[in-house]
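Listed below are the residues making up each chain.
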Amino acid sequence: QPAGGRPRVYFPTRFIRLDPVDDRSRQAIESRRDEVFELWASDARFHGGDIPAKREFQRQVVVECTESELSELAGQRPDEANVECTKHQHEQQSFAVRTGRSSLLVIADYFDPDWQAYRIADGQRTELATVRANRVLTGIVVPAGEYRIDFVYRPEWFYRGMWISCLAWLLLAGWWIRSRRRR
């Protein structure tokens, strides 16, 4: 556990990909949860046929994403990989990353599609894919190299609501000004 209550981030040793669940019904979500737990309990790709006494969630990860999102990954942790949390705030986290090849970085924080990841290198900002890892955590597909990752919370519903509220206030102000001129 890192000091200061910062989130744990790590490169898993191995991962298995599952297609994302499009159906948001309770039954579909519970079915996927059971599927992930079943993989943890019995999948030979993780355990070589043996069921370990202790689950190693940081080493072996079940990732829910499309095949294209993980196309450049080999399913293994890179030999040279290092990550350090450099900034931790409620709506933004930053990480210094160094890796020898494209890899999966897992942040031990709840998955929310409104979190967006950006690679900052040589003054350029590139959006990175975020995926669901181990059903509840966030994974980021990171390219090879040394750079900074900014992990930012951008709730789309908040910004939509803000614009609707601004428009409503402008309409109300226009109506009020117009009604004052008529008197």
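Residues numbered from 1 in each chain as written. Predicted model: local features only at pLDDT ≥ 70, side-chain atom pairs only at ≥ 80, totals over all residues. Heavy atoms only, no water.

Asks: So what exactly am I meant to see when it comes to the pairing of strand E7 (residues 115–121) here?
Replies: Every other side chain in a regular strand lies on the same face of the sheet, so the side chains alternate between the two faces. Of all seven residues that make up E7, five are buried, and the element is covered over most of its length. Taken together, the six bridges between E7 and strand E11 (residues 145–153) define a ladder with antiparallel strand orientation. When the sheet's bridge partners are listed, Gln116 is paired in E11 with Val152. Direction of pairing for E7 relative to strand E8 (residues 124–128): antiparallel, over a ladder of five bridges. (Buried < 20%, exposed > 50% of the residue type's maximum accessible area, 1.4 Å probe, protein only. Helix = DSSP H or I, 4+ residues; strand = E, 2+ residues; numbered from the N terminus. Pairing = 2+ DSSP bridges.)

Asks: Help me out: how do you make sense of the packing of aromatic side chains in this one?
Replies: Two aromatic rings, taken as a pair, are described by how far apart their centres are and by the angle between their planes. Tallied over the entire structure, the rule returns two aromatic pairs. Aromatic pair Trp115 and Phe151: ring centres 4.6 Å apart, planes at 15°, arrangement stacked. Here Trp115, found in strand E7, pairs with Phe151, found in strand E11; they are 36 residues apart in sequence, far enough to count as distant. Each member of the pair, Trp115 as well as Phe151, carries the same accessibility label: buried. Plain terms: the ring middles of Trp115 and Tyr153 are 5.3 Å apart, the flat faces sit at 50° to each other, and that makes the pair tilted. Separated by 38 residues along the polypeptide, Trp115 in strand E7 and Tyr153 in strand E11 bring together distant segments of the chain. Site record: aromatic cluster; members linked through ring pairs are Trp115, Phe151 and Tyr153. Directly above the aromatic system of Tyr147 lies the positively charged group of Arg119, at a separation of 4.8 Å from the ring centroid. Sitting over the ring of Tyr118, Arg125 keeps its end group 3.7 Å from the ring centre. (Phe/Tyr/Trp six-rings, centres within 6.5 Å; stacked < 30°, edge-to-face > 60°. Lys NZ or Arg CZ within 6 Å of the ring centre and 35° of its normal.)

Asks: Would you mind showing me how to read the sheet that holds strand E3 (residues 60–64) here?
Replies: Whenever strands of a sheet pair, they do so through backbone hydrogen bonds, lying parallel or antiparallel. Spatially, six strands are ordered E1-E6-E10-E9-E3-E2 in an open sheet, and the strand pairing comes out mixed. Unpaired on one side and paired on the other, strand E1 (9–10) and strand E2 (14–18) mark the two borders of the sheet.

Asks: I tried to follow the side chain of Thr130 on my own but got confused; where do I start?
Replies: With respect to the helices, strands and loops of the structure, Thr130 is situated in strand E9 (residues 130–133). Setting aside residues no more than four positions away along its own chain, Thr130 makes contact with Glu69, Phe111, Trp115, Ala117, Thr138, Gly139, Ile140 and Phe151. (Contact = heavy atoms within 4.5 Å.)

Asks: I would appreciate a short explanation of the side chain of Arg132 in the present structure.
Replies: Along the chain, the position of Arg132 falls in strand E9. One buried charge, Arg132, has no salt-bridge partner; the nearest side chain with opposite charge is Glu64, at 4.4 Å. Ignoring sequence-local partners within four residues, the contact set of Arg132 consists of Val62, Val63, Glu64, Phe111 and Leu137. (Lys, Arg positive; Asp, Glu negative; His and termini not counted. Salt bridge = Lys/Arg side-chain N within 4 Å of Asp/Glu carboxyl O.)

Asks: Help me understand the environment of Leu70, please; the structure alone is not making it clear to me.
Replies: Assignment of secondary structure puts Leu70 in the loop between E3 and strand E4 (81–88). In sequence terms Leu70 and Val142 are 72 residues apart; their C-alpha atoms lie 9.9 Å from each other. Residues in contact with Leu70, not counting those within four places in the same chain, are Phe15, Arg17, Val63, Cys65 and Val141.

Asks: Looking at this model, I keep getting lost on a nonpolar patch on the surface. Mind explaining?
Replies: Taken together, the side chains of Trp157, Phe158, Tyr159, Met162 and Trp163 present a nonpolar region at the surface, about 590 Å² in accessible area. Along the chain, Met162 falls in helix H3 (residues 156–182). (Patch = residues over 30% accessible without salt bridge, like charges linked within 9 Å, V, L, I, M, F, W, Y side chains within 5 Å. Areas by Shrake-Rupley, 256 points an atom, 1.4 Å probe, with all protein chains shown as cover.)

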